[in-house]
Each structure stands twice: as C-alpha cells, then as structure tokens.
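What follows is each chain in one-letter form.
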Amino acid sequence: MKKLLSIVCALCVFGLAVPLWAGSLSITELAVTTKVSKGKPIDAVHRISHRTVKALYCFTRTLSDDAAETSIKHVWLRGGQVVKETDLPIRGKRWRAYSTLPVDASSVGNWRVDIKDESGTVIKSVEFRIH
C-alpha cells in the first residue's frame, strides 16, 4: 500500500494521475420514445412518421460508481449533422434523464442521438428514422 501511495503521489506531481475516487458512468437504458410516463419510456422508436407525433424523447438511464454530480449531453444528429444539443445533470448513482426533439415535416431523415460524458466522449448512441 505504501508503494502504491508513493507511485500515485509521484504521478500527481507530474499531472498524470486520475483521482482514485473518480467514478465511471454507464448507460443502462437508452431509447428514443414517443412519451415518457412515470419516469419510463412507453416505447422504443426505430422508424416513425412525422405525421404521427409532435415530439420525440431520448430517454437515458444511468448508473455510476458514486453519487457525485456530473452531466451528460444528448446530441441529436440528422444525416450526421448536429441539430440539437442538450446538457442534462446526473445527480446520483442511479439517474434518469431525457431530452426532447420537436417533430414536423422538416424532420424527415435518418437520425442518431449520441450520449456524451462530461469530457465529450460518446458513451452510447441510438439510431432511428423519421419518414
């Protein structure tokens, strides 16, 4: 233990150490849905007509090693181009969050939602099509 502590201290001096208490965040559920009810998505959209809904929701359930507050970002992309970004707070070991995308005739196309952590790394993605 003493040797490990010495190595960590040496790495800190050079700015190379990651704190031992840093938790990891994972996505346990991800869905694009037509509605979130009682904290849960009611369905999972893979293909949908713009005429049937006024909005879509990207629902994310997270799990982390600790309860430290962090955030994620939902990045909505159509045809590979960013259309909308939403920062969402994560305030516990188990947390749910969602963002909304208005849907109309101009929304037609292939979509993807990337979920990014605070450092901008894509944790998970979901794809769907609006026709």
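This one's a predicted model, so the numbers in the text were calculated from it and none came from an experiment.

**Remarks on the sheet that holds strand β1 (residues 25-33)**
Then, in step 1: Judged by pairing direction, the sheet is antiparallel, and its three strands sit side by side in the order β1-β5-β8 without closing on themselves. The sheet is open, and its two edges are formed by β1 and β8 (94-102), each paired on a single side. Going across the sheet, the axis of each strand differs from the next one's by a mean of 20°, ignoring polarity.
Then, in step 2: For strand β5 (residues 55-64) and β8, the ladder comprises nine bridges, and the chain directions are antiparallel.

**Overview of unusual backbone geometry**
Then, in step 1: In this structure, Lys 38 takes a positive phi of about 55° despite not being glycine.
Then, in step 2: Following the sequence through the fold, Lys 38 ends up in the loop between β2 (36-37) and β3 (40-41).

About the criteria used
Residues numbered from 1 in each chain as written. Predicted model: local features only at pLDDT ≥ 70, side-chain atom pairs only at ≥ 80, totals over all residues. Heavy atoms only, no water. Pairing = 2+ DSSP bridges. Helix = DSSP H or I, 4+ residues; strand = E, 2+ residues; numbered from the N terminus. Axes fitted to C-alpha atoms, helices over the stretch in contact; angles between N-to-C directions.

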